[in-house]
Amino acid sequence: GESVGLHLPTLSVQEGDNSIINCAYSNSASDYFIWYKQESGKGPQFIIDIRSNMDKRQGQRVTVLLNKTVKHLSLQIAATQPGDSAVYFCAESGPYALNFGKGTSLLVTP
Amino acid sequence: GAVVSQHPSRVICKSGTSVKIECRSLDFQATTMFWYRQFPKKSLMLMATSNEGSKATYEQGVEKDKFLINHASLTLSTLTVTSAHPEDSSFYICSASASGSVGQYFGPGTRLTVL
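An account of the accompanying structure is given in this report. All values reported here derive from a predicted model rather than from experimental measurement.

**A closer look at the sheet that holds strand S1 (residues 4-7) of chain B**
Working definition: the strands of a sheet are paired by backbone hydrogen bonds and lie parallel or antiparallel to each other.
Residue and element names in this part refer to chain B.
Here's step 1: A sheet is described by the order of its strands in space; here four strands give the open sequence S1-S3-S8-S7, paired in antiparallel fashion. Edge positions in the sheet fall to S1 and strand S7 (67-73), since each of these pairs with one other strand and no more. Across this sheet, the average inter-strand angle for adjacent strands is 15°, counted without regard to direction.
Here's step 2: Of the strand pairs in this sheet, strand S3 (residues 19-25) and strand S8 (residues 76-81) are connected by six bridges, and their pairing is antiparallel. Opposite Glu22, over in S8, you have Thr78 as the bridge partner.

This is the structure:
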């Protein structure tokens, strides 16, 4: 069936470097995608979203890129900080609810 | 941004008892609320979707008689885990969305431990 999945389960980056978290989706009809950040013991926190009529959207230190040709979504975090350490989920908007990917754990090392 | 709260944040109960978890949208009217379950180091698993004033729609494999959901108002939904057992121990998270909105705002989660 349709699914949303992540390429890498874990990612370790040095403080100050840029982070890139990838996500593949298979439902070509999806028109809305969201990135969430979840810290340990907390609920997911909205980071940024993008609609399918866009290729790129920028927020504060974060950029989401959407490549509809290869059904690929990425989250770029600039100048990664220790506070960015968390699990990041991509989600696509299904007909009734969000479909979540498996998550990527981002670890920022000093 | 929109704020969603959950209560309690943590609960420990004995096997066989029932536990109620509340989910509230504090600054918007949530026409739809979602309940998720999350195991350690896993993604969120949707349990059910509830629309205000109507019965919840449960995902396949989720027992509706065990996980009672009530969405009586536009700002409150409750999840009651009936006759809880240790295997029900998990992190339960709710989310809410407003009418016409695709985005969901998540609560902080409730850690349930059944002894």
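**As for the interface of chain B and chain A**
Here's step 1: Each side of the interface is counted separately: chain B has 15 residues, and chain A has 17 residues.
Here's step 2: Taking both sides of the interface into account, the surface hidden between chain B and chain A amounts to around 1,200 Å²; carbon and sulfur atoms contribute 63%.
Here's step 3: Together, Ser43, Val102 and Phe106 of chain B form the three largest contributors to the area buried by chain B at its contact with chain A, with a combined 38%.
Here's step 4: At the surface where chain B touches chain A, the tally comes to four residue pairs in polar contact (both at pLDDT 80 or more).
Here's step 5: Element by element, the count of residues in the side of chain B that touches chain A is highest for strand S4 (residues 30-38) of chain B, at three residues.

**Focus on the packing of aromatic side chains**
Here's step 1: Counted by the stated rule, this structure contains 10 aromatic pairs over all chains.
Here's step 2: The interplanar angle of 45° and the centroid separation of 4.6 Å between the aromatic rings of Tyr25 of chain A and Phe33 of chain A together place this pair among those described as tilted.
Here's step 3: Geometrically, the ring pair formed by Tyr36 of chain A and Phe106 of chain B is edge-to-face, given 5.0 Å between the ring centres and 85° between the ring planes. On the criterion of chain membership, the pair formed by Tyr36 of chain A in strand S4 (residues 32-38) and Phe106 of chain B in strand S10 (residues 105-106) is interchain, its members lying in two chains.
Here's step 4: By relative accessible area, which is 1% here, Tyr36 of chain A ends up buried.
Here's step 5: Members of the aromatic cluster, each reached through a chain of ring pairs, are Tyr36, Phe46, Phe89 and Phe100 of chain A together with Tyr36 and Phe106 of chain B.

**Topic: the pairing of strand S9 (residues 86-93) of chain A**
Residues and elements named next belong to chain A.
Here's step 1: In terms of burial, S9 is largely enclosed, as seven of its eight residues are buried.
Here's step 2: Relative to S9, S4 runs antiparallel, the two sharing six bridges. For Tyr36, the partnering residue across the bridge sits in S9 and is Phe89.
Here's step 3: When S9 meets strand S11 (residues 104-109), the two strands line up antiparallel, connected through three bridges. Of the residues in S11, the one forming a bridge with Tyr88 is Thr104.
Here's step 4: Two elements, S9 and strand S10 (residues 98-100), share three bridges in a ladder whose sense is antiparallel. Among the inter-strand pairings, Glu92 is bridged to a residue of S10, identified as Asn99.
Here's step 5: Joining the antiparallel neighbours S9 and S10 is a turn of four residues.

**What to know about the pattern of salt bridges**
Residues and elements named next belong to chain A.
Here's step 1: Summed over the entire model, instances satisfying the criterion amount to five salt bridges over all chains.
Here's step 2: Note that Lys68 and Asp55 form a salt bridge whose closest N and O atoms lie 3.2 Å from each other. Separated by 13 residues along the polypeptide, Lys68 in the loop between strand S7 (62-67) and strand S8 (72-77) and Asp55 in the loop between strand S5 (45-51) and strand S6 (56-58) bring together distant segments of the chain.
Here's step 3: Using a relative accessible area of 38% as the deciding quantity, one classes Lys68 as partly exposed.
Here's step 4: Taking the relative accessible area as the measure of exposure, Asp55 reaches 52% and is therefore exposed.
Here's step 5: In this structure, Arg61 engages Asp84 in a salt bridge whose closest nitrogen and oxygen atoms are separated by 2.9 Å. One end of the pair, Arg61, is in the loop between S6 and S7; the other, Asp84, is in the loop between S8 and S9, with 23 residues separating them in the sequence.
Here's step 6: Given a relative accessible area of 31%, Arg61 falls into the partly exposed group.

**Remarks on the nonpolar core**
Here's step 1: Grouped together as the largest cluster of nonpolar side chains are 24 residues, with contacts concentrated most on Trp35, Phe67, Leu79, Tyr92 and Leu112 of chain B.
Here's step 2: Within the residue set of this core, elements represented by two or more residues are strand S2 (10-13), S3, S4, strand S5 (44-51), S7, S8, strand S9 (90-98) and strand S11 (110-114) of chain B.
Here's step 3: If near-sequence neighbours (up to four positions away) are discounted, Leu79 of chain B is found in contact with Val19, Lys20, Ile21, Trp35, Phe67, Leu68, Ile69 and Tyr92 of chain B.
Here's step 4: Judged by nonpolar contacts, the second largest core, of 20 residues, contains Tyr25, Ile48, Tyr88 and Val108 of chain A.

Parameters at a glance
- Residues numbered from 1 in each chain as written.
- Chains lettered and ligands numbered in written order.
- Predicted model: local features only at pLDDT ≥ 70, side-chain atom pairs only at ≥ 80, totals over all residues.
- Heavy atoms only, no water.
- Pairing = 2+ DSSP bridges.
- Helix = DSSP H or I, 4+ residues; strand = E, 2+ residues; numbered from the N terminus.
- Axes fitted to C-alpha atoms, helices over the stretch in contact; angles between N-to-C directions.
- Contact = heavy atoms within 4.5 Å.
- Buried area = accessible area lost by both parts, 1.4 Å probe.
- Polar contact = N/O pair within 3.5 Å; in protein donor to acceptor, adjacent residues only side chain to side chain.
- Phe/Tyr/Trp six-rings, centres within 6.5 Å; stacked < 30°, edge-to-face > 60°.
- Buried < 20%, exposed > 50% of the residue type's maximum accessible area, 1.4 Å probe, protein only.
- Salt bridge = Lys/Arg side-chain N within 4 Å of Asp/Glu carboxyl O.
- Core = buried A, V, L, I, M, F, W, Y, C linked by side-chain atoms within 4.5 Å.

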